[in-house]
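Survey of secondary and tertiary structure
Spelled out, the chains give:
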Amino acid sequence: MRKLSRRLALAGMAGAAAPAWAQSSAERGLVQASQQARAVHALVVGINAYRIQPLRGCVNDAQLLAAAVRPFAASVTTLLDEQASRANFLAAWRQVAGRCGAGDMIFLSFSGHGFRIPEIVPGSEADGMDDLIAFAPFHPQQAPTEVLVDDEIETLLAEQGQRRVSVMFVADCCHSGTLTRSVEPAALREVRYRTLSGAFPPSQMRGLVPPPPPSPPADRLTQVHFFAASLETEPVPEITFQGSQHGALSIAIAAGFARGAVGPQEAVVALPALATEAVQTVRALVDARQNPQVALGTEGPRLLRGLVSPRPQAETQAREVRIRMEGALGGALPEGARRAGPLDPADLIWRASERLLISPLGDMVSANIGPAELPMAVERQRALWLAQEAVARQPLELRLELMNPPPGTPAEQRRAANADHPLGTRLKLVLEQLRFPNLVMFNIAGDGTVQMLYPMEREAPVAPPGGRLSLDDLEVKPPLGADHVVALCTRRPLADLAQRLARLDETKAPMQAVRATLEVLPEGGWQMGVVGLFRRRG
């Protein structure tokens, strides 16, 4: 992202009664106390130990979510790895549902594999496909029935709706789909996706999985609040967060529960606000490779009240970067880095002979990294981690959109823009739902160069009164690789920070820029966003 073609377009809301940044959290959530769940009972599932294509982060997800929901819940049941069979899940579901009465809520989360097969009952699905989640014993030949089909899940949820029991369902898995942007071959062995693909013939599955019940009418699912990790056409990668593998949606939901504190001990979580902030957090953590989908029911509780959830400690010292070395000679690595072991997930992949640096999700970070440039690449990665962890605490809506999308492009795709863009592509950078009056924004280029984006000369570091800002006509220019834009919106004035960042403009100082930004964060009253842009040849 280059600032030389930057043109600022402020989209204010003329005549609005109050600027967006003046709204309280209660107003943002639009939830009244009368919509509070009477009691919450949780069932949390996490499976790493699959017999085929095992995963790394799903048990971490389950433990994270169980800890986050526990202060709000009357009971929490967990099924981890081998415990999570189809029979055990259905038994646990019946037990949890049996504890609930009218006005209660079930918190259900599943972290593991999902996949798709051609519809079991011909004509039953609009797209001709059935979506399934897989339990730990699943094997295409030996245990093909260890799955739950989408219509079965809907039936379980609809049965609770008839009893006026709401369900918040967090599905941190993917159904299937193709990659929405290219993946450098060197990264294919690093990233693990939560979809089973190419492991079994669909025709065999169709013959062995019993037909599910008919899908219940939509009006029987009005008390279901569904949080899906991605679009059906997107895979869900596992990522490293604070040193551990996770799914981004689970991190976002747990962070949302931790944000609910309204006093020393009391916490309140409004599902509309949680939904908005979860989408913002996930997109920042995975560089927009997945776009969560949220559908909140029109009936039933939308407010959870409990004790304050444990808030993960913000990291002030960035951890070591694990580098997968390909074609590199021996020798010492830069400070803050170590070689990735054979079983370690890599944080960066360096193809030294080609001077190519690749992210573990397959994006080109830089096309010009030799031994002399590697220390700055490590510093850049560590700085980005600190920024992304701040986003998880208080997210900001920050995204890229195509300037001139083809006619008829769905809004979902225009807003996603989750691609590596050819040189010459014209984009716009959009910030929305700014809740505070002060704003700064800068870019970290692939080589670590800091570039001030807002404010520029003769501009003040303030947010537009309408709570929306658009930087239009940004052209994708060389060099090839990655850029990451960082934005901070706060209640406190940011003139001093803006001056510090201006002094770093066009210098290779990503850690200085991020640390300066984090130093001004108050306890409350701030939002932070990060968005990545990846450039490629035509």
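Since the structure is predicted, the reported quantities are computational estimates derived from the model, not experimental observations.

Now for unusual backbone geometry. Residue Pro455 is reached from Tyr454 by a cis peptide bond, and omega for that bond is 0 degrees. Assignment of secondary structure puts Pro455 in the loop between β24 (449-454) and β25 (469-475). If you check the backbone angles, Arg458 has positive phi at about 65 degrees while not being a glycine. Mapped onto the elements of the fold, Arg458 is located in the loop between β24 and β25. With a relative accessible area of 81%, Arg458 lands in the exposed category.

Summarising the model, the protein chain shows a mean pLDDT of 82, and 77% of its residues fall at 70 or more. Between residues 1-29, whose pLDDT stays under 50, and residues either more than four places distant or in other chains, the model counts 74 contacts. With pLDDT under 50 throughout, residues 176-185 is counted as low confidence; its partners more than four residues away or in other chains account for 38 contacts.

Here the focus is the pattern of salt bridges. Inspection of every chain in the model, using the stated rule, returns 20 salt bridges. Between Asp347 and Arg322 there is a salt bridge; the shortest N-O distance is 3.2 Å. Taken together, the residues span a long stretch of sequence, with Asp347 in the loop between β16 (337-339) and β17 (348-351) and Arg322 in strand β15 (residues 321-326) at a distance of 25 residues. Here Asp347 matches Arg322 in class, with each residue buried. Arg468 is the partner of Glu432 in a salt bridge, and the nearest nitrogen-oxygen pair spans 2.8 Å. Placement of Glu432 in strand β22 (residues 426-432) and of Arg468 in the loop between β24 and β25 is noted, with a sequence separation of 36 residues between them. Among the residues examined, Arg468 registers a relative accessible area of 23% and is labelled partly exposed.

This part covers the nonpolar core. Within the largest apolar cluster, 39 residues are counted, with the highest numbers of intra-cluster contacts made by Leu43, Phe89, Ile106 and Phe110. Residue assignment for this core shows that the elements contributing at least two residues are β2 (40-46), α3 (86-98), β4 (105-111), β5 (114-118), β6 (129-134), β7 (147-149), α4 (150-162) and β8 (166-172). Looking at which element gives the most residues to this core, the answer is α3, with six residues. Once you skip the residues sitting within four places of it in the chain, Leu43 turns out to touch Thr77, Leu79, Phe89, Ala92, Trp93, Val96, Phe107, Leu108 and Ser109. Formed by 38 residues, the second largest nonpolar core is a distinct cluster that contains Ala37, Val40, Ala252 and Ala254.

Moving on, we come to the packing of aromatic side chains. A full pass over the atoms with the stated rule returns six aromatic pairs. Aromatic side chains Phe110 and Phe135 sit 6.3 Å apart centroid to centroid with 85 degrees between the ring planes, which places their arrangement in the edge-to-face category. Of the two residues, Phe110 is situated in strand β4 and Phe135 in the loop between β6 and β7; the sequence distance between them amounts to 25 residues. By relative accessible area, which is 3% here, Phe110 ends up buried. An angle of 40 degrees between the planes, with centres 5.4 Å apart, marks the rings of Phe115 and Phe138 as tilted. Placement of the pair is Phe115 in strand β5 and Phe138 in the loop between β6 and β7, with a sequence separation of 23 residues. Exposure class is identical for Phe115 and Phe138. Each is buried. An aromatic cluster is defined as three or more aromatic residues linked by ring pairs; in this entry it consists of Phe72, Phe107 and Phe257.

In this section: helix α2 (residues 58-69). In a regular helix each residue adds 1.5 Å, so 12 residues correspond to 16 Å; α2 covers 16 Å between its end C-alpha atoms and thus fits that length. Where α2 is concerned, the buried positions are Cys58, Val59, Asp61, Ala62, Leu65, Ala66, Ala68 and Val69.

Between helix α8 (residues 374-393) and helix α11 (residues 510-519), the least distance of the axes is 8 Å, while the angle of their chain directions is 20 degrees. Taken as axis vectors, α8 and α11 run roughly parallel relative to one another. Every pair of crossing elements has a handedness; the one defined by α8 and α11 is left-handed. Judged by residue contacts, Met376, Glu379, Arg380, Arg382, Ala383, Leu386, Ala387 and Ala390 of α8 engage Pro510, Met511, Val514, Arg515 and Leu518 from α11. When grouped by side-chain class, the residues that make up the contact of α8 with α11 number nine nonpolar, no polar and four charged.

This part is about the side chain of Arg319. Here Arg319 lies in the loop between β14 (303-307) and β15. Given the relative accessible area of 14%, Arg319 is considered buried. Polar contacts involving the side chain of Arg319 include one to the side chain of Glu389, which spans 3.2 Å. The residues touching Arg319, leaving out its near neighbours within four places in the chain, are Thr240, Phe241, Gln242, Gly243, Gly336, Arg382, Trp385 and Glu389.

So, how was this worked out
- Residues numbered from 1 in each chain as written.
- Predicted model: local features only at pLDDT ≥ 70, side-chain atom pairs only at ≥ 80, totals over all residues.
- Heavy atoms only, no water.
- Helix = DSSP H or I, 4+ residues; strand = E, 2+ residues; numbered from the N terminus.
- Buried < 20%, exposed > 50% of the residue type's maximum accessible area, 1.4 Å probe, protein only.
- pLDDT = per-residue confidence, 0-100.
- Contact = heavy atoms within 4.5 Å.
- Salt bridge = Lys/Arg side-chain N within 4 Å of Asp/Glu carboxyl O.
- Core = buried A, V, L, I, M, F, W, Y, C linked by side-chain atoms within 4.5 Å.
- Phe/Tyr/Trp six-rings, centres within 6.5 Å; stacked < 30°, edge-to-face > 60°.
- Expected span 1.5 Å × (residues − 1).
- Axes fitted to C-alpha atoms, helices over the stretch in contact; angles between N-to-C directions.
- Parallel < 35°, antiparallel > 145°, perpendicular 65-115°, else oblique.
- Left-handed = near helix turned anticlockwise from the far one by under 90°.
- Nonpolar A, V, L, I, M, F, W, Y, C, P; charged D, E, K, R; others polar.
- Polar contact = N/O pair within 3.5 Å; in protein donor to acceptor, adjacent residues only side chain to side chain.

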